[in-house]
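# Coordinate analysis (summary)
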Amino acid sequence: MNQIKGTDLLVKALKEEGVDLLFGYPGGQAIDLFNSLYGQNDIEVVLPRHEQALVHAADGYARSTGKVGVCMVTSGPGATNLVTGIATANYDSVPLVCITGQVPTNLIGNDAFQEVDIVGITRSICKHSVTVRDREDLGRIIKEAFYIARTGKPGPVVVDIPKDIQQAYGSDEYPSQVNIRSYKPSTGVHEGQLKKAVKILNASKRPVFLLGGGVKIAHAQEAMTKLAQQTQVPVITTIMGKGAIPTDHPLYVGNIGIHGNYASNTAISQCDVLFSIGTRFNDRITGKISEFAKNASIIHIDIDTASISRNIVVDIPIVADANVAITKMLEYTKPLDTKDWLASIQTWKDSYPIQMNRYPGLNPEKIICQINDMFPDAIVSTDVGQNQLWATQFLSLTGKKQLLTSGGLGTMGYGLPAAIGAKLGNPSQPVIAISGDGGFQMNLQELATAICMELPVIICILNNSWLGNVRQWQEMFFDKRYSATCLRYRRGCIHDCKNPDKCCPPYTPDFVKLAESYGALGIRVEREEDLKAAFAAAGKETKRPTVIEFLIDPEANVSPMVPTGKPLSEMVMDC
Ligand code: FAD
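These notes cover the structure that comes with them. Keep in mind that what you see is a predicted model, and the values were worked out from it rather than measured. (Residues numbered from 1 in each chain as written. Predicted model: local features only at pLDDT ≥ 70, side-chain atom pairs only at ≥ 80, totals over all residues. Heavy atoms only, no water.)

Right, let's talk about the packing of helix α16 (residues 364-374) against helix α17 (residues 386-394) for a bit. Running from N to C, α16 and α17 cross one another at 55°; their axes reach a closest spacing of 10 Å. What the angle tells us is that α16 and α17 run oblique. Judged by the sense of rotation from one axis to the other, the crossing of α16 with α17 is right-handed. Every residue of α17 that contacts α16 at Pro364, Glu365, Ile368 and Asn372 is listed here: Trp390, Ala391 and Phe394. (Axes fitted to C-alpha atoms, helices over the stretch in contact; angles between N-to-C directions. Helix = DSSP H or I, 4+ residues; strand = E, 2+ residues; numbered from the N terminus. Parallel < 35°, antiparallel > 145°, perpendicular 65-115°, else oblique. Left-handed = near helix turned anticlockwise from the far one by under 90°. Contact = heavy atoms within 4.5 Å.)

Okay, structure coming up:
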């Protein structure tokens with residue numbers, strides 16, 4: 001057996017796990033790690049400009065490729081800058097392995113320079129976190145980290161490696177097997193329970209499939225589309241589940257939730273069987289819990305026992321991988337007579353379609369529909385806020401198109417770095433980030449990464465000069481007391497301004513000049529007529545990003561909406 005350094009074993013392990021790209025930012029306690037990566041050609045190291053963006057880029061890479069995203073940073077601030085991204089990935093079940101350098105073991109607990117207890121800090125926001133304390137455990141711990149990240153309900157794993165362990169010589173063996181006694185994710189499905197569920201489904205008059213992010217994580221879209229067709233049961237999705245069947249499928253109704261559409265929320269309120277798969281019934285989708293699908297028998301398939309009956313008590317719980325369960329259901333199910341039910345849903349769809357006609361000219365719906373027309377295979381990432389909600393409302397998801405969004409944590413600053421990760425993982429697909437002017441500014445330094453990595457991502461900034469989602473809430477529920485949401489605010493402005501007008505100070509920064517200063521193409525679009533030309537110009541770029549700033553109505557709102565604490569049936573249709 002050869003003796004090699006810890007860092008060399010780590011590089012060997014990464015190669016054996018199939019890692020060909022990682023997102024890294026070096027520093028004092030990670031310098032040996034990066035040293036071992038130097039001069040080899042199997043793993044490309046991408047250097048984002050901030051560790052928060054780094055972990056979002058790894059997240060975008062992981063979501064869009066289905067592979068584990070790998071981060072490598074130094075101790076202290078390098079590690080703490082990962083925290084928001086780790087929590088983002090944890091909520092949305094994204095597989096990451098985050099390797100952090102740590103001070104030498106003899107200094108741990110001494111308040112040493114750049115020492116933080118990153119394992120303790122991240123324990124509640126990741127799937128698993130561990131400090132390697134013995135060089136001989138390193139190979140096993142890395143093997144387990146990848147296994148834990150990608151199996152069961154996927155999630156981020158933190159591996160903290162002290163400097164002396166990195167430098168220590170030890171075995172060069174990397175294990176081929178994992179055996180963790182306390183972690184055995186479910187691989188099968190309880191057929192008796194599944195048959196019981198199908199029996200209830202078959203007897204229903206007003207059934208609904210509610211599909212969440214788990215269906216996509218399980219890569220069950222194809223089987224699910226067949227199941228919907230075979231049963232003729234309408235499909236509603238959460239934001240994370242959107243795309244679980246193609247959005248142009250006749251059985252697809254739309255999104256559920258506080259910003260879901262009228263037909264979906266009404267169908268959930270009136271269904272007699274709610275067959276849910278791979279959703280964790282987050283409060284954004286349930287509205288008032290006691291009223292949620294209150295006349296329905298609820299079936300829930302989920303890989304994670306902890307997700308079942310946590311928020312909504314269900315009648316038939318089934319712990320299984322969505323693809324395994326759905327494929328099995330194809331054997332038991334039959335066409336149901338849902339004609340009348342589908343007709344009712346169609347009437348609700350026709351009566352209250354989601355549209356933004358009341359904002360003439362350039363509005364978010366037109367921008368997103370242009371993306372649908374011109375980039376049918378794009379991977380689209382979003383930031384958080386109104387830009388995200390409009391994207392989830394208007395983006396069609398068919399074919400290879402994907403939507404990457406921070407659903408659970410709702411992390412502003414996610415859009416651009418996630419797009420960078422997605423483009424690195426999918427070089428032949430167009431990648432588009434949809435941001436607000438607020439969210440974009442949280443990680444705009446990543447334009448440099450996109451330039452250096454020669455990535456022609458398209459960044460759409462829907463500039464309304466506000467933190468728009470909060471502004472909307474202030475307008476609707478706080479008597480237009482626009483506290484700390486105006487991004488054009490200057491100290492000289494009046495403090496109770498309710499009506500920004502033409503006297504407002506100019507917007508800062510100038511996004512076009514900013515883009516140009518990085519070497520990107522910058523375009524400003526103020527009129528609907530210029531939409532197509534802007535996207536066409538961006539589409540021609542092959543090696544550099546394009547920033548398109550769209551000046552939209554500052555007061556455009558997201559409609560419809562369910563006010564906090566209200567049931568889904570009490571939607572405000574025109575916000
Ligand atoms: P996830 O949170 O991704 O959960 C996935 C589930 O699938 C988990 O239970 C997991 O255990 C399970 N799973 C994972 N892998 C598998 C597998 N292989 N097989 C089976 N199960 C698996 N969301 C809405 O839907 N509507 C809204 O109106 C809405 N409004 C929002 C507004 C804002 C401003 C923001 C930021 C977010 C909003 N969201 C909304 C998103 C919301 O916060 C949640 O992220 C979302 O509802 C979660 O959807 P989910 O449970 O389907 O997916």
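Moving on from the coordinates now.
The next point concerns the site of the ligand. Around the ligand sit 35 residues in total, of which Thr238, His259, Arg280, Asp302 and Asp321 are the nearest. Between the ligand and Ala322, the relevant distance is 2.8 Å, taken from a nitrogen atom to a main-chain nitrogen or oxygen of the residue. Out of a free accessible area of 990 Å², the ligand has 96% covered by protein chains. Mapped onto the shell around the ligand, the elements with two or more residues apiece are α10 (213-217), α13 (283-286) and α17. When residues of the shell around the ligand are assigned to their parent elements, the largest contribution, three residues, is made by α10. Its residues assigned to classes, the shell around the ligand shows 13 nonpolar, 16 polar and six charged. (Near = heavy atom within 4 Å. Polar contact = N/O pair within 3.5 Å; in protein donor to acceptor, adjacent residues only side chain to side chain. Areas by Shrake-Rupley, 256 points an atom, 1.4 Å probe, with all protein chains shown as cover. Nonpolar A, V, L, I, M, F, W, Y, C, P; charged D, E, K, R; others polar.)

What follows covers the pairing of strand β13 (residues 297-302). Among the six residues in β13, five count as buried, and that is most of the element. Sheet topology note: the strand β12 (residues 273-277)/β13 ladder contains five bridges and is parallel. Note on β13: the bridge partner recorded for Ser276 is His300. Bridging between β13 and strand β14 (residues 316-319) involves four bridges; their strand directions are parallel. When the bridges of β14 are listed, His300 appears paired with Pro317. (Buried < 20%, exposed > 50% of the residue type's maximum accessible area, 1.4 Å probe, protein only. Pairing = 2+ DSSP bridges.)

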